[in-house]
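Structure assessment
One letter stands for each residue in the lines below.
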Amino acid sequence: KDPLLDYVGDNPISGSINFVSPSSDDQKSFGFESGFLTEYSVAAGIGRIPESSASIVVYGNIGSGINASGNAPHPNIEIPNQGSISVNCSGYQTNRVTDFSYTIRIDRNPIYKIGSPFPVQVDRGCPITEEISFTLEVDDLEVTKIQEYLISPKQQSLNLSFSNPINSSGIDTFSIPKARLINQSISSSANDVLTVNLNYISYTNKK
C-alpha cells in the first residue's frame, strides 16, 4: 500500500532525497516543503512488481539542505499472481484480470496575499479525474452494441483490488464512483485466448 495515496486531499507533504557525498562521506539532502499531489498512478500485472508514480507541485521552499526523513517504516512490497487481481463491476466478475492501471489527477489552485512569496492556502480544483484501465482474458464477456451505448451509456461504481497470492490478504483497492466506459479494444489470435482491454473514467465535482 502506497502512503502517497493519503495525500490526495488538502494536506501538504514534504519530501527529500538523502544521500552520502562520495568525496567527504557527509550526509546530504535535497528536499522540498509544502508540496501537493497533482497526479498519482499505479500499475500491476500478473507476475510483475507493481509500479507507482506521482507528480507533486511545490509551493514552499525547495533545494539543498532540506531533510524530510522520518521514522515511518516502508510498507511491504508484494507481487500479484494468478487470481490475486479482481474487478467488481457488472459483467466482468467471471473473466480473469491480467493487468490494470489506476490514475487520479487533481488540480491545485494557490491563493496568495500581498507581501508573501508563498500561498496562504491551496485549494483543490474540481472536477477530480480518476481513470481505471484493465485487461481481461475472456470467458463469457458480451460486448454492448455501439449504438445502444451511444444512446444510453451506463454508469457504475467500479472496484478493482489486488491481494497477496499466498494468504489472500488484501493489499489495496481502487474505487471510482459513476465510472463510464470510454474505450474498449478486443484482440485475439488462432493460438491464444481472446483478450479485451477496457478503460473507465470518472469525475468528482465536490470535495
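Residues numbered from 1 in each chain as written. Predicted model: local features only at pLDDT ≥ 70, side-chain atom pairs only at ≥ 80, totals over all residues. Heavy atoms only, no water.

On to the pattern of salt bridges. Evaluation of the coordinates by the stated rule reveals four salt bridges. R124 is paired through a salt bridge with D10; the nearest N and O atoms lie 2.9 Å apart. Taken together, the positions of R124 in strand 7 (residues 121–137) and D10 in the segment before strand 1 (13–20) put the pair 114 residues apart, joining distant regions of the chain. You can call D10 partly exposed: its relative accessible area is 36%. Where E131 meets R105, a salt bridge forms, and the shortest distance between an N and an O atom there is 2.8 Å. Of the two residues, E131 sits in strand 7 while R105 sits in strand 6 (residues 96–111), which places them 26 residues apart along the sequence. Residue R105 is classed as partly exposed on the basis of its relative accessible area, which comes to 33%. A single network of salt bridges, built from pairs that share partners, joins E39, R105 and E131. (Salt bridge = Lys/Arg side-chain N within 4 Å of Asp/Glu carboxyl O. Helix = DSSP H or I, 4+ residues; strand = E, 2+ residues; numbered from the N terminus. Buried < 20%, exposed > 50% of the residue type's maximum accessible area, 1.4 Å probe, protein only.)

Sheet topology note: the strand 2 (residues 27–45)/strand 3 (residues 51–58) ladder contains eight bridges and is antiparallel. Bridge pairing in strand 3 links G35 to V58. Linkage of strand 2 to strand 3, two consecutive antiparallel strands, is achieved through a turn of five residues, within which G47 is found at a positive phi near 70°. (Pairing = 2+ DSSP bridges.)

In this structure, P117 sits in the loop between strand 6 and strand 7. When its relative accessible area of 64% is taken as the criterion, P117 is described as exposed. Counting along the chain gives 58 residues from P117 to Y59, while the straight-line C-alpha distance between them is 9.1 Å.

A separate point is the packing of aromatic side chains. Scanning the model with the defined rule gives six aromatic pairs in all. Taking the centre distance of 6.1 Å and the plane angle of 55° together, the rings of F36 and Y59 count as tilted. Placement of F36 in strand 2 and of Y59 in the loop between strand 3 and strand 4 (62–64) is noted, with a sequence separation of 23 residues between them. Under the relative-accessibility criterion, Y59 is labelled buried at 14%. Grouped by ring-pair contacts, the aromatic residues F100, Y102, F162 and F174 constitute a single cluster. (Phe/Tyr/Trp six-rings, centres within 6.5 Å; stacked < 30°, edge-to-face > 60°.)

Our focus in this paragraph is a nonpolar patch on the surface. Taken together, the side chains of I17, F19, F30 and I62 present a nonpolar region at the surface, about 400 Å² in accessible area. Among the secondary structure elements, F19 is positioned in strand 1. (Patch = residues over 30% accessible without salt bridge, like charges linked within 9 Å, V, L, I, M, F, W, Y side chains within 5 Å. Areas by Shrake-Rupley, 256 points an atom, 1.4 Å probe, with all protein chains shown as cover.)

Ranked by size, the top nonpolar core spans 29 residues in total, and within it F100, I132, F134, L158, L160, F174 and Y200 carry the most contacts. In this view, F174 contacts L5, V42, F100, Y102, I132, L158, N159, L160 and F162; residues no more than four positions away in its chain are not counted. (Core = buried A, V, L, I, M, F, W, Y, C linked by side-chain atoms within 4.5 Å. Contact = heavy atoms within 4.5 Å.)

Among the secondary structure elements, S52 is positioned in strand 3. Through-space distance from the C-alpha of S52 to that of L4 is 9.7 Å; in sequence the pair is 48 residues apart. Among all residues touching S52, those that are not within four sequence positions of it are D2, Y40, S41 and V42.

Next up on the list: the pairing of strand 1. Two strands pair when backbone bridges link them, and strand 1 and strand 2 are joined in this way by seven bridges, in the antiparallel orientation. Note that in strand 2 the partner of G15 across the bridge is F32. Counted between consecutive antiparallel strands, the loop separating strand 1 from strand 2 contains six residues, among which D25 sits at a positive phi close to 60°.

For the rest of this paragraph, the subject is the environment of S55. Structurally, S55 can be placed in strand 3. The class of S55 is partly exposed, set by a relative accessible area of 34%. As a C-alpha pair, S55 and Y40 span 15 residues in sequence and 6.5 Å in three-dimensional space. If near-sequence neighbours (up to four positions away) are discounted, S55 is found in contact with F36, L37, T38 and E39.

Look at the link from C126 to P127: it is a cis peptide, with omega at 5°. One can find P127 in strand 7.

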